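# Residue-level structure breakdown
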Amino acid sequence: MAGRLTEVAAKVGVSEATVSRVLNGRPGVSESTREAVLTALDVLGYERPTKLRGDRARLVGLILPELQNPIFPAFADVVGGLLAQQGLTPVLCTQTVGGVTEADYIELLFQQRVSGVLFAGGLYSGLDGTHDHYGQLDERKLPTVTVNAGAELPFPRVSCDDAVAAEQAVNHLISLGHTRIGFVLGPADHVPSQRKLDAARTTLTRAGVDTPAELVEHAMHSLEGGHAATTRLLRHGATAVVCASDPMALGAIRAARRAGLSVPRDLSVVGYDDSALMNCTEPPLTTVRQPIEAMGKAAVELLVGLIGGSAVESDELLFEPELVARGSTAPPPRS
């Protein structure tokens, strides 16, 4: 105990008596000094006294990359309910262009003394982005779980199996007779998109089908991105497109219609996620379903275990997706 007091006091630049007052919950210490002492405990790897952990036991930061893609509100709904069952309350943090950054959100969550953080996608999904702020989470030993593939970080991971998703989509289109299959993927450094493309190429090669470079497009995960990318693919003779998200797939359908084509008569479209209302589009969207309920449950269980002090492996848990065939895919047009 004496050694801990000395080390924390030196780290913060205060007296051992001040550290003792903070640890024992006594008055006479400013809020900024109290927070500095508690942060030093985290950084140095010391466990907080039980009574000082109590104010962290109810809040969990839930960081989402956006809300426009309906898969993210759906995931937040699943995770929020599961956290509530554990007596935890999610603090929703969503990113917008020009808005609060992921690093800023993490700093705000530190100030709120959250018990843990759960990422449902984020900057870690891209290899070329800034990842320094994740080191702060690890340094302070704040329980953290990430969802879906990304850069190697020292946190438990829960992912949908991107390779299986691509195999299912490509095999479905090959079974219909397509050989000019295009791909509308996220940015080139986006790890889930890389996994999908690698698996798609392997599947096509196995079937004796080429994957020329002009049939691979990278775009933003949006309807507009899907529209622009598919317009380019149509110029190269694609008869089917596999998209990295449902909004992208809706953009692909819009691109086909703007070109005077019909889906699925002239172009087959496959999405990814099976987000809300994809069975109500015209035509209903063929897509690969992410098992968000199972993934959300696993992510919350891992986070709750970490918060409770359990040892949790940082290996990636892969969940099997499911192809949902609807009306947006059909055999290719006759030449």
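Data block above holds the structure.
The structure displayed is predicted, hence computed values, not measured ones.

## Notes on helix α8 (residues 162-175)
Compared with an ideal rise of 1.5 Å per residue, which puts 14 residues at 20 Å, α8 spans 20 Å between its outermost C-alpha atoms and is within 8% of the ideal. For α8, the complete set of buried residues consists of D162, V164, A165, A166, Q168, A169, V170, H172 and L173. The N-cap of α8, judged by a side-chain oxygen 3.2 Å from the amide nitrogen of A163 a few residues on, is D161.

## Considerations on the packing of aromatic side chains
Enumeration over the complete set of coordinates arrives at 3 aromatic pairs. Measuring from centroid to centroid gives 5.5 Å for F119 and Y134, while their planes differ by 70 degrees, and the two rings are edge-to-face. Of this pair, F119 sits in strand β3 (residues 116-119) while Y134 sits in helix α7 (residues 132-139), and the two are 15 residues apart along the sequence. Comparing F119 with Y134, the two get one shared label, buried. Plain terms: the ring middles of Y124 and Y134 are 5.9 Å apart, the flat faces sit at 75 degrees to each other, and that makes the pair edge-to-face. Of this pair, Y124 sits in the loop between β3 and α7 while Y134 is found in helix α7, placing the two residues 10 residues apart along the sequence. An identical accessibility class is assigned to Y124 and Y134; each is buried. Ring pairs connect the aromatic residues F119, Y124 and Y134, which therefore count as one cluster. Above the face of the F110 ring, R140 is positioned so that its terminal group lies 3.9 Å from the ring centre.

## What to know about the pairing of strand β1 (residues 59-64)
Counted residue by residue, β1 has 5 buried out of 6 residues, so it is predominantly covered. Sheet analysis places β1 next to strand β2 (residues 89-94), joined by 6 bridges and oriented parallel. Opposite L59, over in β2, you have T89 as the bridge partner. Across 4 bridges, β1 lies against β3 in parallel orientation. The residue of β3 that forms the bridge with G61 is V117.

## Looking at the pattern of salt bridges
For the coordinates displayed, the defined rule picks out 10 salt bridges. The salt bridge involving E217 is made with R232; its shortest N-O contact spans 2.9 Å. Residue E217 is found in strand β7 (residues 216-218), and its partner R232 is found in helix α10 (residues 223-235); the two are separated by 15 residues along the sequence. R232 gets classed as partly exposed once you look at its relative accessible area, which sits at 30%. With a shortest N-O distance of 3.1 Å, R265 and D266 are connected by a salt bridge. Owing to a relative accessible area of 54%, R265 belongs among the exposed residues under this scheme. The network of salt bridges with common partners includes D274, R289, E322 and R326.

## Describing the nonpolar core
L118, F183, C243 and V269 are the most contacted members of the largest nonpolar core, which totals 64 residues. The contact partners of L118, leaving out residues within four places of it in the chain, are V60, G61, L62, I63, F75, V79, V145, V147, A299, V300 and L303. Formed by 15 residues, the second largest nonpolar core is a distinct cluster that contains C93, F110, Y124 and L137.

What counts and how
- Residues numbered from 1 in each chain as written.
- Predicted model: local features only at pLDDT ≥ 70, side-chain atom pairs only at ≥ 80, totals over all residues.
- Heavy atoms only, no water.
- Helix = DSSP H or I, 4+ residues; strand = E, 2+ residues; numbered from the N terminus.
- Expected span 1.5 Å × (residues − 1).
- Buried < 20%, exposed > 50% of the residue type's maximum accessible area, 1.4 Å probe, protein only.
- Polar contact = N/O pair within 3.5 Å; in protein donor to acceptor, adjacent residues only side chain to side chain.
- Phe/Tyr/Trp six-rings, centres within 6.5 Å; stacked < 30°, edge-to-face > 60°.
- Lys NZ or Arg CZ within 6 Å of the ring centre and 35° of its normal.
- Pairing = 2+ DSSP bridges.
- Salt bridge = Lys/Arg side-chain N within 4 Å of Asp/Glu carboxyl O.
- Core = buried A, V, L, I, M, F, W, Y, C linked by side-chain atoms within 4.5 Å.
- Contact = heavy atoms within 4.5 Å.

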